[in-house]
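Single-letter residue listing:
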Amino acid sequence: MLWTTLVFLGFTALLVALHVRRSRPAAAAAPRARSCPRCRVVVPVGATVCPKCGVPPQVFEVVAAPVAASADAPASGRLHAAVRSDVCVGCGACVSVCPEPGAMTMQGKLAVVDPEICKGAGECVKACPVNGVFLTTGAAVQRVEVPEVNFDFESNVPGIFVVGELGGRGLIKNAINEGKLAAEAVSRRLRSGTAPAGSALVHDVVIVGSGPAGLSAALTCVDLGLRYVVLEQGEAAESIRRYPRHKLLLAEPVHMPVYGDLWVADASKETLLGIWQNVIAMAGLDIRTGQKVEDVRRESWGFHVVTPGASWPTRHVILAMGRRGSPRKAGVPGEELSKVFYEVAEMEEFAGRRVLVVGGGDSAVESALGLARQRGTTVHLSYRGESFARVKDRNRAKLEEEIAAKRVVALLRSTLLEIGQASVRLDVAGEIRTLPNDDVIVRIGGEPPTAFLDRVGVRRVVKEIAVSGAGA
Ligand SMILES: Cc1cc2nc3c(=O)[nH]c(=O)nc-3n(C[C@H](O)[C@H](O)[C@H](O)COP(=O)(O)OP(=O)(O)OC[C@H]3O[C@@H](n4cnc5c(N)ncnc54)[C@H](O)[C@@H]3O)c2cc1C
Ligand code: SF4
């Protein structure tokens, strides 16, 4: 009996041991050294930046990606959204605009798609502030239309560089790295004597935009002694100022020229703005605000960068304009207040608030619909027309439902007159009304950056990026 028990116990122990071995996750494959897609130098295992380029090799992901054989997406398979886990900053914007309940959910700080429920409406793609969502029929390939640039971020127009989000990659860290690389390339060009000669009145480089990419390019210019100027259509670091939410994430430290390592994990936008204001003051950056660049004209010696009422001669141009374009403004007193936005990425940040949306096109109606889904949000939609005749049928039908359910109040034949700290004043069909108000969202059109790129001759191509961290 004792013998039988011992054999049984021994056999059981063997089975348990085998099971444990089988269920233990397979040992992770030993990390392999990669080579930098730009300079082909081997990036040693454990290193986060290329020893030659000085930046993470991922910065070149879009540049190195192949151009798609056709501009049309493959038609086979069922279309659904997929999220890039290496890009997602967990803001939830995709979830709050998704029309299919349960198709997109947050799991901790990561958005996750259920491909069985998702119908590929694509609203999440537009809402994601960091280009982290794409539509796919199954293959883990993100298709993006981007300006064609080389590994120095120089476009097909020699002397014009495109960096940051305008180049197709979201995230503050990428913008900072790309701005730095482009300014370094300009400096190399000048030192090698291949840049066109110009008089002392001509800048070495004009930087368009003072977001993270433009600021980083400007700091690099200071570092390398280049003659530069930054032209910004709004205030310095306008894009960060206009974030509705207060939390920002920089997943890893990033090296800011002149400043050193910058790392804000879950910091407030005010913290980041504070740091940048200090950096701007410390380095004495030459940023001209309220200068909307409208054109870049080629000359034999370089370019004229054109703003209303001025022209800036330069040998090189760095376009760091982001992808939000130049929104048309309402042109009323109070528009400079920080409660005024020109797009809404994160609907849930407006939960419980009294919001006025201005505009009568699809973007205004879509903003109003998204806001109406937020808990406790009061939405007024002001439009000067008689009806929402211009919008897509689907949007009009949804808007009528929301108006009937009293989740949106439509103010037709109305004009915004003034924005105050806690109220707005409107002319509604000849009657002056004052509404209590927390936020104003102006969606009355504007110029997308693609129109600007076309005007200055920068070519765009569709690239296919193989994505390893795509969750669908
Ligand atoms: C709501 C929201 C939350 C985000 N959260 C995060 C986050 O947590 N972490 C993260 O890493 N990234 C985040 N991002 C993304 C990040 O902000 C962008 O990737 C980054 O700002 C891109 O930098 P950029 O310099 O390329 O462009 P932008 O920051 O967009 O700057 C472009 C600048 O150019 C100016 N400009 C545009 N056109 C003209 C013109 N014609 N003339 C003159 N100036 C012009 C604009 O006014 C703007 O100041 C978020 C974005 C949004 C909208
Ligand atoms: S919108 Fe983009 S960044 Fe925000 S949670 Fe969704 S995938 Fe992530």
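Described below are features of the structure shown in this document. On a predicted model such as this, the values are computed, not experimentally measured, just so you know. (Residues numbered from 1 in each chain as written. Chains lettered and ligands numbered in written order. Predicted model: local features only at pLDDT ≥ 70, side-chain atom pairs only at ≥ 80, totals over all residues. Heavy atoms only, no water.)

Before going further, it helps to spend a moment on helix H11 (residues 449–456). All of the buried residues in H11 are Pro449, Phe452, Leu453 and Val456. Each buried residue of H11 lies within a common arc of 100° when the element is viewed along its axis, so the set occupies one face. Those residues of H11 hidden inside the fold are in contact with strand E7 (141–147), strand E16 (295–299), strand E18 (310–319), strand E28 (446–447) and strand E29 (460–466). At the C-terminal side of H11, Gly457 shows a positive phi close to 90°. (Buried < 20%, exposed > 50% of the residue type's maximum accessible area, 1.4 Å probe, protein only. Helix = DSSP H or I, 4+ residues; strand = E, 2+ residues; numbered from the N terminus. Arc of directions from axis to C-beta. Contact = heavy atoms within 4.5 Å.)

Right, let's talk about the packing of aromatic side chains for a bit. One pass over the structure, following the stated rule, counts four aromatic pairs. With 6.1 Å between their ring centres and 20° between their planes, Phe60 and Phe153 make a pair best called stacked. Residue Phe60 is found in the loop between strand E2 (42–43) and helix H2 (61–64), and its partner Phe153 is found in the loop between E7 and strand E8 (160–162); the two are separated by 93 residues along the sequence. Note on Phe153: relative accessible area 3%, which makes it buried. Taking the centre distance of 5.5 Å and the plane angle of 25° together, the rings of Tyr383 and Phe388 count as stacked. By way of ring pairs, the aromatic residues Phe60, Phe151 and Phe153 are connected into one cluster. (Phe/Tyr/Trp six-rings, centres within 6.5 Å; stacked < 30°, edge-to-face > 60°.)

Moving on, we come to a nonpolar patch on the surface. Taken together, the side chains of Val222, Val258, Tyr259 and Met282 make up a nonpolar region of the molecular surface, amounting to roughly 340 Å² of accessible area. Tracing the chain through its elements places Met282 in helix H8 (residues 269–283). For Met282, a relative accessible area of 55% puts it in the exposed group. (Patch = residues over 30% accessible without salt bridge, like charges linked within 9 Å, V, L, I, M, F, W, Y side chains within 5 Å. Areas by Shrake-Rupley, 256 points an atom, 1.4 Å probe, with all protein chains shown as cover. Salt bridge = Lys/Arg side-chain N within 4 Å of Asp/Glu carboxyl O.)

Next up on the list: the site of ligand 2. Lining the immediate surroundings of ligand 2 are 14 residues, of which Cys88, Cys91, Gly92, Cys94 and Cys128 lie closest. For the shell around ligand 2, the per-class residue count stands at twelve nonpolar, two polar and no charged. (Near = heavy atom within 4 Å. Nonpolar A, V, L, I, M, F, W, Y, C, P; charged D, E, K, R; others polar.)

Counted according to the given criterion, the structure contains zero disulfides. Free of any disulfide, Cys98 has its nearest neighbouring cysteine sulfur in Cys124, separated by 6.4 Å. With relative accessibility at 17%, the residue Cys98 sits in the buried group. (Disulfide = S-S within 2.5 Å.)

Attention now goes to the packing of helix H6 (residues 212–224) against H8. Contact geometry of H6 with H8 gives a least axis separation of 11 Å together with a crossing angle of 25°. By the angle class used here, H6 and H8 are roughly parallel. When you trace H6 past H8, the crossing you get is left-handed. Across the interface between the two elements, Pro212, Leu215, Leu219 and Val222 of H6 pack against Trp276, Val279, Ile280 and Ala283 of H8. When its residues are assigned to classes, the contact of H6 with H8 shows eight nonpolar, no polar and no charged. (Axes fitted to C-alpha atoms, helices over the stretch in contact; angles between N-to-C directions. Parallel < 35°, antiparallel > 145°, perpendicular 65-115°, else oblique. Left-handed = near helix turned anticlockwise from the far one by under 90°.)

Within a beta sheet, neighbouring strands are joined by backbone hydrogen bonds and run either parallel or antiparallel to one another. The strand order E24-E25-E26 describes an open sheet built from three strands, whose pairing is antiparallel. Each edge of the open sheet is held by one strand with a lone partner, namely strand E24 (414–419) and strand E26 (431–436). The average angle at which neighbouring strand axes cross in this sheet is 25°, direction not considered. (Pairing = 2+ DSSP bridges.)

This part takes up the pattern of salt bridges. Counting across every chain of the model gives 29 salt bridges. Glu100 is the partner of Lys119 in a salt bridge, and the nearest nitrogen-oxygen pair spans 3.3 Å. Taken together, the positions of Lys119 in the loop between strand E5 (110–113) and helix H4 (123–127) and Glu100 in the loop between helix H3 (93–97) and strand E4 (104–107) put the pair 19 residues apart, joining distant regions of the chain.

For Glu335, the position within the fold is in the loop between strand E19 (326–327) and strand E20 (340–341). We note that Glu335 is buried and unpaired, the nearest opposite charge coming from Lys329 at a distance of 5.9 Å. (Lys, Arg positive; Asp, Glu negative; His and termini not counted.)

Let us look at the environment of Gly120. Tracing the backbone shows Gly120 in the loop between E5 and H4. A relative accessible area of 13% places Gly120 in the buried class. Measuring from C-alpha to C-alpha, the distance between Gly120 and Phe134 comes to 9.4 Å, with 14 residues separating the pair along the chain. Ignoring sequence-local partners within four residues, the contact set of Gly120 consists of Leu79, His80 and Leu135.

Our next topic: unusual backbone geometry. Its identity is not glycine, yet Phe153 carries a phi of approximately 70°, on the positive side. Phi at Arg413 is positive, roughly 50°, even though this residue is not glycine. The residue Arg413 is located in the loop between strand E23 (408–411) and E24 in this model.

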